[in-house]
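Observations on the model geometry
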Amino acid sequence: MKLPAALLVLALALTACGSGGSTATGNDKGLEKTTLTVGVVPVPSAASLFIAEQKGFFKEEGLTVKTEIIQAPQAVMPKILNGSMDAFVTSYVSLLSIQDQGTVKLKLFQHVQTGAPGIASVVVPKDSPIKTPADLKGKTIAVNVLKALGQTVTNAHLQEAGLTPDDAKYVAIPFADQLTALSSKKVDAAWLVEPFLSAAKAQGAVEVIDTTSGPTAGIPIDAWGVSEDWLAKNPKTAAAFHRALAKAQQIASSDRNAINAVIPTYTKIPADVAAKMKLGVFSMDVDTAAFQKLADLLAGYGYLKTKPDVTQLIPAKIE
């Protein structure tokens, strides 16, 4: 089983968002900074940034926003610390992990996406004897990153099936390589997200666990993050950036077509695939209880050194 080539490679470069100033420039508005560099993983969760650019929301606020491709938030923390990157898209798991390491104090700047049924699943080959979560005892499961979201949500479902997290073995394999690993019997099962999940099912893979349902329903997936220090030093810029992102997030939460329109502009996901694949729920605010539940799961499995109070990551209203 192989994924279509168009889905194997996401964009490795993003063109700069934002061009020129507006009639009321950032300096006229008293902004501390008028040009921002934002770290972006080319996945659907970044759509609000590109909607904001497309609609001119950054320009209205006197901002020029440039994007830089990132593979993982952890890798760009030196840039966040030295100020060469202002904000970044991040999974909630990465946000919690970075905070736990103590290298930099982060804040949740704007919620993006909450998990919904059908967007992330553990799958097996169509001829596999594995039919239920309980059948995964003693089996090897591929995840994109160890001790991150995939392993966490899968563990929760294994426990619901009467197993322990130690009853399965996890190995790290990039999403694009997981179907090959399945077909070659290198692994018994794989945790996949969209658009890889839909492609896998189209080629015969069978879902064993919908990992964003049941005990993990409503788990927060992605957000925009900034450092606590940046937020304190740039209050007016932060407010302007937040207003623009929030307006775009509001559109994303109510208009799927707006998301579909921008996804092909910054990823290699074709327009027809973008329109068909399942997405999480784009909404304005994170469910604090669900955020804390995710943190508790991570701490309970030993993926965090300490059990965090997630309210400490949520800043006072940015305005």
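The preceding data block contains the structure.
Here's a quick rundown of the structure.

Basis of the calculations
Residues numbered from 1 in each chain as written. Predicted model: local features only at pLDDT ≥ 70, side-chain atom pairs only at ≥ 80, totals over all residues. Heavy atoms only, no water. Core = buried A, V, L, I, M, F, W, Y, C linked by side-chain atoms within 4.5 Å. Buried < 20%, exposed > 50% of the residue type's maximum accessible area, 1.4 Å probe, protein only. Helix = DSSP H or I, 4+ residues; strand = E, 2+ residues; numbered from the N terminus. Phe/Tyr/Trp six-rings, centres within 6.5 Å; stacked < 30°, edge-to-face > 60°. Pairing = 2+ DSSP bridges. Axes fitted to C-alpha atoms, helices over the stretch in contact; angles between N-to-C directions. Contact = heavy atoms within 4.5 Å. Parallel < 35°, antiparallel > 145°, perpendicular 65-115°, else oblique. Nonpolar A, V, L, I, M, F, W, Y, C, P; charged D, E, K, R; others polar.

**Focus on the nonpolar core**
Grouped burial of nonpolar side chains is what soluble globular proteins tend to show. In this structure, Leu 49, Phe 109, Trp 224 and Phe 241 are the most contacted members of the largest nonpolar core, which totals 105 residues. Sort the elements by how many residues they give to this core and helix 10 (residues 235-254) lands first, with 8 residues.

**Considering the packing of aromatic side chains**
For the structure on display, the rule yields 8 aromatic pairs. With a centroid separation of 5.8 Å and 50 degrees between ring planes, the pair formed by Tyr 301 and Tyr 303 is classed as tilted. Take Tyr 303: its relative accessible area is 16%, and that puts it in the buried class.

**Considering the sheet that holds strand 10 (residues 220-227)**
With mixed pairing, 6 strands are arranged side by side in an open sheet as 2-1-3-10-4-11. For this open sheet the edge positions go to strand 2 (64-69) and strand 11 (281-282), each flanked by a neighbour on one side alone. Inspection of the sheet shows strand 4 (residues 106-114) paired to strand 10 by 7 bridges, in the antiparallel sense. When the bridges of strand 10 are listed, Gln 110 appears paired with Trp 224.

**Examining the sheet that holds strand 7 (residues 169-172)**
Ordered in space as 7-6-8-5-9, the 5 strands form an open sheet in which the pairing is mixed. Bordering the open sheet on either side are strand 7 and strand 9 (206-210), each of which pairs with just one other strand. Between one strand axis and the next, the sheet turns by 30 degrees as a mean value, whatever way the strands run. By the bridge criterion, 4 bridges tie strand 5 (residues 120-124) to strand 9 in an arrangement that is antiparallel.

**With respect to the side chain of Asn 260**
Mapping Asn 260 onto the fold places it in helix 11 (residues 256-266). In this structure Asn 260 comes out as buried when scored by relative accessible area, which is 13%. In this structure, Asn 260 is in contact with Ala 274 and Ala 275, ignoring residues within four places of it in sequence.

**Describing the packing of helix 2 (residues 47-54) against helix 11**
The geometry of helix 2 relative to helix 11 is characterised by a closest axis approach of 9 Å and an angle of 95 degrees between their N-to-C directions. As judged from the angle between their axes, helix 2 and helix 11 are roughly perpendicular. Contacts from Ala 47, Phe 50, Ile 51 and Gln 54 in helix 2 reach Ala 258, Ile 259, Val 262 and Tyr 266 in helix 11. The residue inventory of the contact of helix 2 with helix 11, partitioned by class, reads 7 nonpolar, 1 polar and no charged.

**Thoughts on the environment of Val 171**
With respect to the helices and strands, the residue Val 171 is situated in strand 7. Given the relative accessible area of 23%, Val 171 is considered partly exposed. With 94 residues separating them along the chain, Val 171 and Met 77 place their C-alpha atoms 25 Å apart. When near neighbours in sequence (up to four residues on either side) are disregarded, Val 171 contacts Thr 140, Ile 141, Ala 142, Val 143, Leu 146 and Val 187.

Any functional reading would require information beyond the geometric quantities listed.
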